[in-house]
There are 2 protein chains.
Amino acid sequence: MSYAILAASLRSAMQRRDQEAIERLIADMQPADLAEFVQHEHTDTVLSLLQHLPLDQRAVAFGYLSEALQEEIALRLSVTKLAELLLHMSADERTDLFKQLDEDRQQALLHAMPRAEQEDLRKLSSYEEGTAGAIMTSDYVAIPAYYDVTRALATLRATGTHAETVYQLYCIDTDGRLLGTVSLRELILAEPDSQVAELMTEEVVFVTADTAQEEVARLVARYDLLALPVINGGERLVGIVTYDDAMDVAEEEATEDMHKGMSIGKLEGGLRSASLFDLYRKRVVWLVLLVFANIFSGAGIAYFEETIEAYIALVFFLPLLVDSGGNAGSQAATLMVRGMATGDVRTRDWTRLLGREVLVAVGLGLTMALAVSVVGIFRAGTEIAMVVAMSMVLIVIVGSLIGMILPFVLNRLGWDPATASAPLVTSIADASGVLIYFAIATAVLGLPV
Amino acid sequence: MSYAILAASLRSAMQRRDQEAIERLIADMQPADLAEFVQHEHTDTVLSLLQHLPLDQRAVAFGYLSEALQEEIALRLSVTKLAELLLHMSADERTDLFKQLDEDRQQALLHAMPRAEQEDLRKLSSYEEGTAGAIMTSDYVAIPAYYDVTRALATLRATGTHAETVYQLYCIDTDGRLLGTVSLRELILAEPDSQVAELMTEEVVFVTADTAQEEVARLVARYDLLALPVINGGERLVGIVTYDDAMDVAEEEATEDMHKGMSIGKLEGGLRSASLFDLYRKRVVWLVLLVFANIFSGAGIAYFEETIEAYIALVFFLPLLVDSGGNAGSQAATLMVRGMATGDVRTRDWTRLLGREVLVAVGLGLTMALAVSVVGIFRAGTEIAMVVAMSMVLIVIVGSLIGMILPFVLNRLGWDPATASAPLVTSIADASGVLIYFAIATAVLGLPV
């Protein structure tokens, strides 16, 4: 059954207070769907619905809830109940929730847990947000490389129940250093008495715990990995990042880059769940800054006031010319920023790409000049049409170059190139456009006497 | 060793013509890295480098090359050689390449292949681009549900070597209908004589072959799937889409949406490999259309020419006001479009989100009015400052609403909401801004006598 049908049936069962139907429907639902269903319910309802699931499935569904709702529920549960739930969650989700709690509750929780999980939680929660360490899990299967296949499979059966993936096994030496990986597929297909060391792949893609999470997502996608091992300074294996967490990071990054591209700060939760004040705050800063950036355009106009008063028809073409530069610039910036984010564009390609962009921009400028000069002749005569056409070519080239160069400059300065947002590029291109247009107009038409 | 070091060593080995070193380095490289390395080499060099790899690894590396380069190489190989390579590629990549070849070569290739692969290739290549059918693979392991664990594992060993994933097994009835799934983890951890039918999960997330690929990517991410089964009309299992292909689709979609958001058409290949003409073509259409859209702003200005001539100081604030509406609108549109793409925003949330947006926009408008009125008083006196402030509030609200409503309207019309690009929203908001500003100015300041 699809989510919509299950959700409707569940809602009606809840209204009828039909406990049996509720239980059956909840058992039929995917954990992710159940999480979406309860997301906007009252906390009491969420608690009572989750109660219908066995503990391990409850922990999975709980892991899909928004951070805010998880925290709310965590505050309502007794320390014992919460510890029980946490112990059934995956190590990475457990850590995320743990980090949101206050010091007192964290201490109480740690005391309610077995020693090994305490240690693990302390270690995992110590990594900085945004790094591989913060998104990795310690639920992986490591086997000594000198094992044979039978023994490796036995270890997997004994320790694999809680592992996030049993499909990739990590081969370590006696000091816990990562030597290679072997897939469950290879183990299953191999002779039972082969040595793991012979089967394993030694060319392993790995990261250190302080690697940026964007880089982790990029590597998982590039090499089509199921999981990416994370090592510490001493080459000891400390965790893995699974592909599903990497996908979440990639999606989050794409959303963040798109928002940055429109000068929107990082939102907690999506558009639907973000608070009104958060939405306001994440948009207003840039909007106000851009108001001041646009004063340069105004100043440009004021400088040429005499020309404008003499040839008031020029103002008709102002929005059209100025916007064209901004649009061409935003296109160039978007292509660049996205190319850099996906790894398609590297800094060493810069000069070649700049050269290509100039050629494309000349083509774009000429085409648009042609389009606008038709309007120009019809509306304001040949002389002004000529001014407008010349301005268009130059404005589009300058705008494109600004859009192309800004992300690179920001990157060089150590900033996120995505901050080279369309509105910023537009504002800079606008001011240049005003200057170019009226400078050409004044030169061609002459200053009024 | 990192990619950069391996690539540098390989390049120097190639200059020294040190065959032994070349062979060793190539063997050490990840297939994705080798593909990137050879991507811009001459076709002959690519062929000779790939030759160093055993056939199965060669096929994997070949699968990572760009479509254009794959096609070029395919045209250089004899039909026998090409068929041999294709047979070692995964079924989905094989199909992608096959579809690029001309009819004659397709026929010749089919004849050079075993019957089963012929059938498979014919079937897979018949699905429309952009659907689940076009990205799925037929390399999966299906087992009858009445098998026990021992027999299931034996089947897996016998047929699993070429499967894209052996970690998710698909349980079918005698007609090939999908009954459920069982993971290799469950099989390994279960008693050898348990029935597959007892172990399998019957609540399976699946799609039909004509499901849009964006939906496939969304489901794989939402349910953290390793692979998503694809069925035909008769509920028969026809293929699976693996998580790595879903990740590629998600990345491609995010890039496309970002480009659409800046009015750039769909590029084949990235910014780096797209042809100059393609870059020009995908950008010029919208740019020229937007020139004409901006004529409305020009017309608005022309309509109020008398007011402008009387109060030339108004022109100073024009770019700033008009851009603010466009910026607020682009922000709203981006939040909306991205929210719809990730599934965070659904059509039923519309009225609630619209209400929230109005509140946020009022807040934004008031803040920006405050900022601009300081500039206004300093620059042009209280009266004009008041006009500018009033206009700002209204322009920001109207701009935000346009950005909010346009994606929904497009969606209703069956268009991609991502077409509600920032430049389009900006152009519409600009024209409204011009009208609002000068209408308020004329009303407050009075027409010149």
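Treat the numbers as computed from the prediction; the structure is a model and nothing was measured.

### A word on the overall build of chain A
Item 1. From N to C terminus, chain A includes 21 helices and six strands.
Item 2. In terms of C-alpha radius of gyration, chain A reaches 30 Å, well past the compact-globule figure of 22 Å for 449 residues.
Item 3. Along the first, second and third principal axes, the C-alpha atoms of chain A reach 95 × 60 × 45 Å.
Item 4. Taking all 449 residues of chain A together, the buried fraction comes to 58%.
Item 5. Pairs at least 24 apart in sequence give 65% of the contacts found in chain A among residues at least 6 apart.
Item 6. Taken as a whole, chain A presents about 19000 Å² of accessible surface, with 56% of it coming from carbon and sulfur.
Item 7. If you average the places of the 33 positive and of the 60 negative side-chain charges in chain A, the two averages end up 2 Å apart.

### A closer look at the interface of chain A and chain B
Item 1. Facing 112 residues of chain A, the contacting portion of chain B comprises 112 residues.
Item 2. The junction of chain A with chain B conceals about 10600 Å² of combined surface from both sides, 63% of it contributed by carbon and sulfur atoms.
Item 3. The largest share of the area that chain A buries against chain B comes from Arg185, Arg272 and Arg283 of chain A, three residues that together contribute 8% of it.
Item 4. Counting across the interface, chain A meets chain B through six salt bridges.
Item 5. For glutamate 36 of chain A, the salt bridge is made with arginine 222 of chain B, and the minimal N-O distance between the two is 2.7 Å.
Item 6. The interface formed by chain A and chain B holds 39 residue pairs in polar contact (both at pLDDT 80 or more) in total.

### A closer look at the environment of alanine 333 of chain A
Item 1. With respect to the helices and strands, the residue alanine 333 of chain A is situated in helix α19 (residues 314-342).
Item 2. Along the sequence, alanine 333 of chain A and glutamate 20 of chain A sit 313 residues apart, while their C-alpha atoms lie 57 Å from each other.

### Structural notes on the sheet that holds strand β1 (residues 142-144) of chain B
Residue and element names in this part refer to chain B.
Item 1. Strand order across the open sheet formed by three strands is β1-β2-β3, with mixed pairing between neighbours. Strands at the two margins of the open sheet, each flanked by one partner only, are β1 and β3 (178-183). Across the sheet, the mean angle from the axis of one strand to that of its neighbour is 35 degrees, orientation sign disregarded.
Item 2. Across three bridges, the pairing between β1 and strand β2 (residues 168-172) is parallel. From the neighbouring strand, proline 144 faces β2, where its bridge partner is isoleucine 172.

### Thoughts on the relation of the copies chain A and chain B
Item 1. Structural alignment of chain A on chain B gives an RMSD of 0.1 Å, achieved by rotating through 180 degrees and translating 0.0 Å along the axis. Such a combination of turn and shift is consistent with a two-fold rotation axis.
Item 2. Interface overlap between copies is the fraction of interface residues in one copy that are interface residues in the other; for chain A against chain B it reaches 100%, indicating a shared surface.

### Section: the UniProt feature "domain: CBS" (unreviewed entry) in chain A
Item 1. With numbering matched to this structure, UniProt assigns "domain: CBS" (unreviewed entry) to residues 200-256 of chain A.
Item 2. A helix fraction of 42% and a strand fraction of 23% characterise residues 200-256 of chain A, whose end C-alpha atoms lie 38 Å from each other.

### Concerning the packing of aromatic side chains
Item 1. Under the defined criterion, the tally for this structure stands at 16 aromatic pairs over all chains.
Item 2. Taking 4.1 Å as the distance between ring centres and 40 degrees as the angle between the ring planes, the aromatic pair formed by tyrosine 243 of chain A and tyrosine 243 of chain B counts as tilted. Linking tyrosine 243 of chain A in helix α16 (residues 243-261) with tyrosine 243 of chain B in helix α16 (residues 243-261), this pair reaches from one chain into another.
Item 3. The buried category is assigned to tyrosine 243 of chain A, whose relative accessible area is 7%.
Item 4. Here a set of aromatic residues connected by ring pairs shows up, and it is made of Tyr303, Phe304, Tyr437 and Phe438 of chain A.
Item 5. Seen from the ring of phenylalanine 316 of chain B, arginine 379 of chain B lies directly overhead, with NZ or CZ sitting 4.2 Å from the centre.

### Description of the sheet that holds strand β5 (residues 227-231) of chain B
Residue and element names in this part refer to chain B.
Item 1. If you trace the three strands from one edge of the open sheet to the other, you get β4-β5-β6, paired in mixed fashion. The sheet terminates laterally at β4 (207-208) and β6 (237-242), the two strands that pair on one side only.
Item 2. Taken together, the five bridges between β5 and β6 define a ladder with antiparallel strand orientation. The residue bridging proline 229 from the neighbouring strand is isoleucine 240, located in β6.
Item 3. Relative to the sheet, helix α15 (residues 213-222) contacts β4, β5 and β6, its axis offset from that of β5 by approximately 135 degrees.

### Here's the deal with the side chain of glutamate 36 of chain B
Item 1. Examined against the element boundaries, glutamate 36 of chain B turns out to sit in helix α3 (residues 31-38).
Item 2. Given the relative accessible area of 16%, glutamate 36 of chain B is considered buried.
Item 3. Ignoring anything within four residues of it in the chain, the contact list for glutamate 36 of chain B reads Arg222, Arg346 and Arg348 of chain A together with Tyr3 of chain B.

### Description of the nonpolar core
Item 1. Judged by nonpolar contacts, the single largest core of 116 residues is most densely connected at Phe317, Met392, Tyr437 and Phe438 of chain A together with Met392, Tyr437 and Phe438 of chain B.
Item 2. Ignoring sequence-local partners within four residues, the contact set of phenylalanine 438 of chain A consists of Ile301, Phe304, Ile308, Leu314 and Leu318 of chain A.
Item 3. Counting residues in each nonpolar core, the second largest holds 90 residues, with Tyr147, Leu219 and Ala221 of chain A together with Leu219 of chain B among its members.

### Quick word on unusual backbone geometry
Residues and elements named next belong to chain B.
Item 1. A positive phi is found at aspartate 224, a non-glycine position, where the angle reads about 50 degrees.
Item 2. By the secondary structure assignment, aspartate 224 is in the loop between α15 and β5.
Item 3. Despite not being glycine, glutamate 235 shows a phi value in the positive range, around 65 degrees.
Item 4. Counting through the fold element by element, glutamate 235 comes out in the loop between β5 and β6.

### What to know about the pattern of salt bridges
Item 1. Counted under the stated rule, the structure contains 27 salt bridges over all chains.
Item 2. As a salt-bridge pair, aspartate 33 of chain B and arginine 222 of chain A come within 2.6 Å of each other at their nearest N and O atoms. In this pair, aspartate 33 of chain B is assigned in helix α3 and arginine 222 of chain A in helix α15 (residues 213-222), connecting two distinct chains. Accessibility assignment for this pair places aspartate 33 of chain B and arginine 222 of chain A in one class, buried.
Item 3. Look at the salt bridges and you will find they share partners, linking Asp33 and Glu36 of chain A together with Arg222 of chain B into a network.

### Concerning the UniProt feature "transmembrane region" (unreviewed entry) in chain A
Item 1. According to UniProt, the feature "transmembrane region" (unreviewed entry) maps to residues 284-304, 310-337, 358-378, 384-410 and 422-447 of chain A in the numbering used here.
Item 2. Between the end C-alpha atoms of residues 310-337 of chain A the distance is 42 Å, and the span holds 89% helix and 0% strand.

### Some words on the domain arrangement of chain A
Item 1. Taken domain by domain, chain A consists of domain 1 (3-127), domain 2 (142-252) and domain 3 (276-445).
Item 2. Computed from C-alpha atoms alone, the centre-to-centre distance between domain 2 of chain A and domain 3 of chain A is 49 Å.

### Regarding helix α20 (residues 314-342) of chain B
Item 1. Taking 1.5 Å as the rise per residue, α20 of chain B with 29 residues should run 42 Å; its terminal C-alpha atoms sit 42 Å apart, in good agreement.
Item 2. Count one or two residues on from α20 of chain B and you reach glycine 343 of chain B, which has phi positive near 85 degrees.

### Focus: the packing of helix α1 (residues 3-16) of chain A against helix α3 (residues 31-38) of chain A
Residues and elements named next belong to chain A.
Item 1. The contact between α1 and α3 brings their axes to 11 Å, and the two run at 50 degrees. With respect to α3, the element α1 is oriented oblique. Every pair of crossing elements has a handedness; the one defined by α1 and α3 is right-handed. Two secondary-structure elements touch here, α1 through Tyr3, Ala7, Leu10, Arg11 and Met14 and α3 through Asp33, Leu34, Glu36 and Phe37.
Item 2. Looking at the contact of α1 with α3 residue by residue, the classes come out as six nonpolar, no polar and three charged.

### A short note on the pairing of strand β6 (residues 237-242) of chain A
Item 1. With six of six residues buried, β6 of chain A lies mostly within the body of the structure.
Item 2. Counted between consecutive antiparallel strands, the loop separating strand β5 (residues 227-231) of chain A from β6 of chain A contains five residues, among which glutamate 235 of chain A sits at a positive phi close to 65 degrees.

### A look at the pairing of β2 of chain B
Within a regular strand, side chains alternate between the sheet's two faces.
All names here are of chain B.
Item 1. Where burial is concerned, most of β2 is hidden: five out of the five residues are buried.
Item 2. On the question of chirality, the crossover connecting β1 to the parallel β2 by way of helix α12 (residues 149-159) is right-handed.
Item 3. Pairing of β2 with β3, which is carried by five bridges, proceeds in the antiparallel orientation. Across the sheet, leucine 169 pairs through a bridge with valine 182, a residue of β3.
Item 4. Linking two consecutive strands that pair antiparallel, namely β2 and β3, is a turn of five residues; a positive phi of about 85 degrees is found at glycine 176 within it.

### Observations concerning empty space enclosed by the protein
Item 1. Summed over the entire model, instances satisfying the criterion amount to five cavities of 30 Å³ or more.
Item 2. Here the largest cavity defines a volume of roughly 290 Å³.
Item 3. Taken together, the elements giving at least two residues each to the lining of the largest cavity come down to α16 and α19 of chain A together with α16 and α20 of chain B.

Conventions adopted
- Residues numbered from 1 in each chain as written.
- Chains lettered and ligands numbered in written order.
- Predicted model: local features only at pLDDT ≥ 70, side-chain atom pairs only at ≥ 80, totals over all residues.
- Heavy atoms only, no water.
- Helix = DSSP H or I, 4+ residues; strand = E, 2+ residues; numbered from the N terminus.
- Rg over C-alpha atoms; globule rule 2.2 N^0.38 Å.
- Buried < 20%, exposed > 50% of the residue type's maximum accessible area, 1.4 Å probe, protein only.
- Contact = heavy atoms within 4.5 Å.
- Areas by Shrake-Rupley, 256 points an atom, 1.4 Å probe, with all protein chains shown as cover.
- Lys, Arg positive; Asp, Glu negative; His and termini not counted.
- Charge placed at Lys NZ, Arg CZ, Asp CG, Glu CD.
- Buried area = accessible area lost by both parts, 1.4 Å probe.
- Salt bridge = Lys/Arg side-chain N within 4 Å of Asp/Glu carboxyl O.
- Polar contact = N/O pair within 3.5 Å; in protein donor to acceptor, adjacent residues only side chain to side chain.
- Pairing = 2+ DSSP bridges.
- Axes fitted to C-alpha atoms, helices over the stretch in contact; angles between N-to-C directions.
- Least-squares fit on C-alpha atoms with pLDDT ≥ 70 in both.
- UniProt positions renumbered as here; feature names shortened; annotations may be inferred.
- Phe/Tyr/Trp six-rings, centres within 6.5 Å; stacked < 30°, edge-to-face > 60°.
- Lys NZ or Arg CZ within 6 Å of the ring centre and 35° of its normal.
- Core = buried A, V, L, I, M, F, W, Y, C linked by side-chain atoms within 4.5 Å.
- Domains from an automatic or database assignment.
- Expected span 1.5 Å × (residues − 1).
- Parallel < 35°, antiparallel > 145°, perpendicular 65-115°, else oblique.
- Left-handed = near helix turned anticlockwise from the far one by under 90°.
- Nonpolar A, V, L, I, M, F, W, Y, C, P; charged D, E, K, R; others polar.
- Right-handed = clockwise from strand over helix to strand, strands pointing away.
- 1 Å grid on protein atoms, 1.4 Å probe; cavity = no way out; pocket = protein on both sides within 12 Å on 5 of 7 lines; lining within 4 Å.
- Points joined across faces, edges and corners; volume = space filled by probe spheres on them.

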